[in-house]
Amino acid sequence: MTTDFIRAASCANDYDPDSMPVDAARKYIRNYLTPVNGLEQLPLRSTLGRVTGADILSPHNVPNHDNSAMDGYALNADDLAAEGTTRLRIAGTAFAGRPFAGTVEKGNCVRIMTGAVMPTGCDTVVMQEHVQADGDHVAIGSGHRRTQNVRRAGEDLQAGQVVFPAGHLLKPADLGLIASLGIGEIKVYRKLRVAFFSTGDELVSIGQPLAEGQIYDSNRYTLFGMLSRLGVEVIDMGVVRDDPQLLENALLESSAMADVILTSGGVSVGEADYMKQLLNKLGQVVFWKIAMKPGRPLAFGRIGNAHYFGLPGNPVAVMVTFYQFVRHALLVLMGQHDPAPAPTLSATCVEPLKKMPGRTEFQRGILFQNRDGAWQVRPIGNQSSGVLRSMSEANCFIVLPTDCGNVAAGQPVQVQVLEGFV
Ligand code: AMP
Ligand code: MG
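The rules behind these values
- Residues numbered from 1 in each chain as written.
- Chains lettered and ligands numbered in written order.
- Predicted model: local features only at pLDDT ≥ 70, side-chain atom pairs only at ≥ 80, totals over all residues.
- Heavy atoms only, no water.
- Buried < 20%, exposed > 50% of the residue type's maximum accessible area, 1.4 Å probe, protein only.
- Helix = DSSP H or I, 4+ residues; strand = E, 2+ residues; numbered from the N terminus.
- Pairing = 2+ DSSP bridges.
- Domains from an automatic or database assignment.
- Phe/Tyr/Trp six-rings, centres within 6.5 Å; stacked < 30°, edge-to-face > 60°.
- Axes fitted to C-alpha atoms, helices over the stretch in contact; angles between N-to-C directions.
- Parallel < 35°, antiparallel > 145°, perpendicular 65-115°, else oblique.
- Left-handed = near helix turned anticlockwise from the far one by under 90°.
- Contact = heavy atoms within 4.5 Å.
- Nonpolar A, V, L, I, M, F, W, Y, C, P; charged D, E, K, R; others polar.

A. Up close: the pairing of strand S20 (residues 297-303). Taking burial as the measure, the seven residues of S20 include seven buried ones, the bulk of the element. Going residue by residue along S20, you find Pro-297, Ala-299, Gly-301 and Ile-303 tucked away on one face and Leu-298, Phe-300 and Arg-302 tucked away on the opposite face as well. For strand S18 (residues 283-289) and S20, the ladder comprises seven bridges, and the chain directions are antiparallel. Bridge assignment links Phe-287 to a residue of S20, and that residue is Ala-299. Taken together, the five bridges between S20 and strand S21 (residues 306-311) define a ladder with antiparallel strand orientation. Looking at the pairing, Ile-303 lines up with Ala-306 of S21. Between S20 and S21, which pair antiparallel and follow one another directly, the connecting turn spans two residues, one of which, Gly-304, has a positive phi of 60°.

Next comes the structure, spelled out in structure tokens:
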């Protein structure tokens, strides 16, 4: 892997690392991800947001028996006259969970409730609204179809069928579906361990006073939030000063504990050479200037057995690079097979946008519906990559592709929805 990685990293005949297109960087990263190995067997309720570690097979048919989809009368379609009215005797009642015990003889029917097992001898249900009851008899008109209103055994799932393949990220509906099979425990991938730290002499952790020129470290909190949403095990390594020995210690300590290391800051121009030397000494890392805004510098590689992402220091750039590169990679590392990209839709931009061709821009926007229900988007006023407030206010990224220039008001743009997105 090492030689491949370095060869591809030089990108000599491929892409210029000083102007790496977003998609090319994504593809490159995808080729060098090794998902966690290690499974654990967990009770169903503990598996929300985890990834299935083995195929889940249906142990039986769902539903288990043919049953009624309606409140009505179960009967044998052979008993119904082709034309005119048929009179049948009501032999008993079938409730959901309390079947009719006997066999239904010719000329008889059974009062049946939704979900009740179809009585032996019956193949059809007529809705109660289409029947005239008269004591222990019913009168039924013609025009009914054999097997109507009957839910077939195995209609949802057949015994032995793969309900979820390995590599499936479990949602609330999935827990319900697995419970409907009577399965109480499943195998999932163990949690991915992600260690992260901030770099910078100017950074101070909250709880301490600020001296002149210092700022509070916010990146560790946005990273904590984004990582927690993904359901990984979060290892906060704190703030590390721009000191080679301290950085080396933090990287080595992280690589011994975690599957993935994220750092913020220290990979931009001026600082890059310095981090570069250290990272090259400890592992195999490539440094890109991505053709995007914000989030130009990005480092990617391995330190020991851990995957490494070196994110920019700017608070907005940290979030943009996380959503555009790291999130997908972490899902793959968590064991998910082919994670879905961020939901994207087309919206009309209600204000003009400034944009230079030659790079992909992720402008922060507010997506809303106009009175007719059409999706529109307004850019946040201050698009500076240091203004974290823009991310707080935004509910979407306006994605402006490489070739696109300025956008006039009223033009359609592509929007990545952040609401509810992890
Ligand atoms: P750097 O990439 O280290 O040059 O940082 C770029 C900018 O982001 C500088 O203005 C830093 O002060 C700021 N920055 C870096 N790390 C953090 C952090 N953890 N929290 C807030 N701002 C940061
Ligand atoms: Mg710095």
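B. Main features of the pairing of strand S23 (residues 360-369). In terms of burial, S23 is a largely internal element, seven of the 10 residues being buried. Alignment of strand S19 (residues 292-293) against S23, held across two bridges, turns out to be parallel. When the sheet's bridge partners are listed, Met-292 is paired in S23 with Thr-360. Bridging between S23 and strand S25 (residues 396-400) involves five bridges; their strand directions are antiparallel.

C. Representation of the domain arrangement of the protein chain. For the protein chain, the domain assignment lists domain 1 (2-38 + 190-333), domain 2 (40-62 + 155-189), domain 3 (67-151) and domain 4 (344-417). The gap between the C-alpha centroids of domain 3 and domain 4 is 59 Å.

D. Fine view of the packing of aromatic side chains. In this structure the tally under the stated criterion is eight aromatic pairs. Both rings, one in Phe-322 and one in Tyr-323, keep their centres 6.1 Å apart while their planes meet at 85°; by these two values the pair is edge-to-face. Classification of Phe-322 by relative accessible area gives buried; the value is 0%. We classify Tyr-323 as buried; its relative accessible area is 16%. Measuring from ring centre to ring centre gives 6.2 Å for Phe-362 and Phe-397, while their planes differ by 75°; the resulting arrangement is edge-to-face. Taken together, the positions of Phe-362 in strand S23 and Phe-397 in strand S25 put the pair 35 residues apart, joining distant regions of the chain. With relative accessibility at 2%, the residue Phe-362 sits in the buried group. On the basis of relative accessible area, Phe-397 is assigned to the buried category, the value being 0%. In textbook terms, an aromatic cluster arises when at least three aromatic residues are bridged by ring pairs, as seen for Tyr-28, Tyr-32, Trp-288, Phe-300 and Phe-309.

E. Looking closely at the packing of helix H4 (residues 219-230) against helix H7 (residues 315-333). Here H4 crosses H7 at 25°, and the two axes come no closer than 11 Å. Overall, the two elements H4 and H7 adopt an arrangement that is roughly parallel. Crossing hand, H4 versus H7: right-handed. In contact with Asn-219, Thr-222, Leu-223, Met-226, Leu-227 and Leu-230 of H4, H7 contributes Pro-315, Val-318, Met-319, Phe-322, Tyr-323, Arg-327, Leu-330 and Leu-331. A breakdown of the residues in the contact of H4 with H7 according to their chemical character gives 11 nonpolar, two polar and one charged.

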